[in-house]
Amino acid sequence: MGSMGAVPQQTSDSFEDEPPLMEELGIDLQQIYQTTMTVLNPSKPAATTLMDDPDLSGPLMFCLGFGSLLLLSGKIHFGYIYGVALIGAASMYTLLNLMSVNGVSASITVSVLGYCMLPMCILAAVSALLSLKGLFGIIVSIITVSWAAFASSKLFVSVLAMYDQQPLVAYPCAIMYGIFAVLTVF
C-alpha cells in the first residue's frame, strides 16, 4: 500500500533506453531535408520513394513560416492560409484520385502541397523587404507560382506514375498557389 511519504520504486526502464524525442514523434529530419531539396531544385528527378512515409511536420512548418513572413509585412492572414490550404488539399485529393489509377492518400496530398509552399515563403520574405505592387511584383509572383506548381506536379506525377499528365496536375496547383501569391502581394 502506498502512502504519502513512500519512495517510488526503481523501474527497469532507464532514461538512456528511451528513444529520442524526434524519433518518438515521427519527425525524420533527413526526409524533411530531402523533400525540401527536391522542391528547391525541381529540375532534379524526384525519387518515387520520397513520399512512402509522408510527414506533416515539414508542411506545417512551411505554412507557419508563410504566415509569419506575411505577418512581417503587416498582413494577418493565418485563417485565409489554412482555409485555402484545406480547400485546395481536399480539391487536389479528389482530382488526383479521379485522374490516377492507383489513387493517393490525403496525407501525401497535404504533404506535397505543404512542402511546395516553400517558394511562397520566399515570395513572402521578398514582400516583407520590398513592395510587390508593380511590374516587379507581378514577375516575381509568376516565377514563384510557376516554381511551386511545377515542383508539386512533379512530385505528384512521380508518386502516382502519371508521367503524361503533368500539365493537367500543374494547372490546379498553379491556381492554388496563385491564391497564396495574391494574399502575399495584396
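Anything mentioned here points back to the structure above.
From a predicted model like this one, the values you see are computed outputs, not experimental measurements.

Chemist: Residues and numbers for the environment of E23, please.
Modeler: Note on placement: E23 falls in helix α1 (residues 21-25). Placed 70 residues apart in sequence, E23 and Y93 show a C-alpha to C-alpha distance of 28 Å.

Chemist: Residues and numbers for the side chain of S153, please.
Modeler: With respect to the helices and strands, the residue S153 is situated in helix α7 (residues 135-160). Since its relative accessible area comes to 0%, S153 is described here as buried. A distance of 3.2 Å separates the side chain of S153 from the side chain of Q166, its partner in a polar contact. Residues within four places of S153 in sequence aside, it is in contact with Q166, V169 and A170.

Chemist: Help me get a handle on helix α4 (residues 78-99), residues and values and all.
Modeler: With 22 residues, α4 ought to run about 32 Å at 1.5 Å a step, and its terminal C-alpha atoms sit 31 Å apart, in line with that. For α4, every residue scored as buried is listed here: I81, V84, G88, A89, M92 and L96. Within α4, the buried residues cover an arc of 135 degrees as seen down the axis, which keeps them to one side. Turned more than 90 degrees off the buried face of α4, the exposed positions are G79, L86, I87 and L98. Contacts made by the buried residues of α4 are with α3 (57-72), α5 (106-115), α7 and α8 (166-185).

Chemist: How would you sum up α8? Please name residues and give values.
Modeler: Here α8 is 20 residues long and its end C-alpha atoms lie 27 Å apart, about the 28 Å a rise of 1.5 Å per residue gives. Among the residues of α8, V169, A170, P172, C173, M176, Y177, F180, A181, L183, T184 and V185 are the ones counted as buried. Elements in contact with the buried residues of α8: α3, α4, α5, α6 (118-129) and α7.

Chemist: Outline the layout of surface pockets, listing residues and values.
Modeler: Left-over empty space is what a probe sized like a water molecule reveals as it rolls over the atoms. Put simply, the largest pocket is a space of about 300 Å³. Forming the walls of the largest pocket are 18 residues, and the residues nearest its centre are C63, A85, L86, A89 and V110. Broken down by secondary-structure element, the contributors of at least two residues to the lining of the largest pocket are α3, α4, α5 and α8. Counted by class, the lining of the largest pocket contains 16 nonpolar, two polar and no charged residues.

How each quantity is defined
Residues numbered from 1 in each chain as written. Predicted model: local features only at pLDDT ≥ 70, side-chain atom pairs only at ≥ 80, totals over all residues. Heavy atoms only, no water. Helix = DSSP H or I, 4+ residues; strand = E, 2+ residues; numbered from the N terminus. Buried < 20%, exposed > 50% of the residue type's maximum accessible area, 1.4 Å probe, protein only. Polar contact = N/O pair within 3.5 Å; in protein donor to acceptor, adjacent residues only side chain to side chain. Contact = heavy atoms within 4.5 Å. Expected span 1.5 Å × (residues − 1). Arc of directions from axis to C-beta. 1 Å grid on protein atoms, 1.4 Å probe; cavity = no way out; pocket = protein on both sides within 12 Å on 5 of 7 lines; lining within 4 Å. Points joined across faces, edges and corners; volume = space filled by probe spheres on them. Nonpolar A, V, L, I, M, F, W, Y, C, P; charged D, E, K, R; others polar.

Any functional reading would require information beyond the geometric quantities listed.
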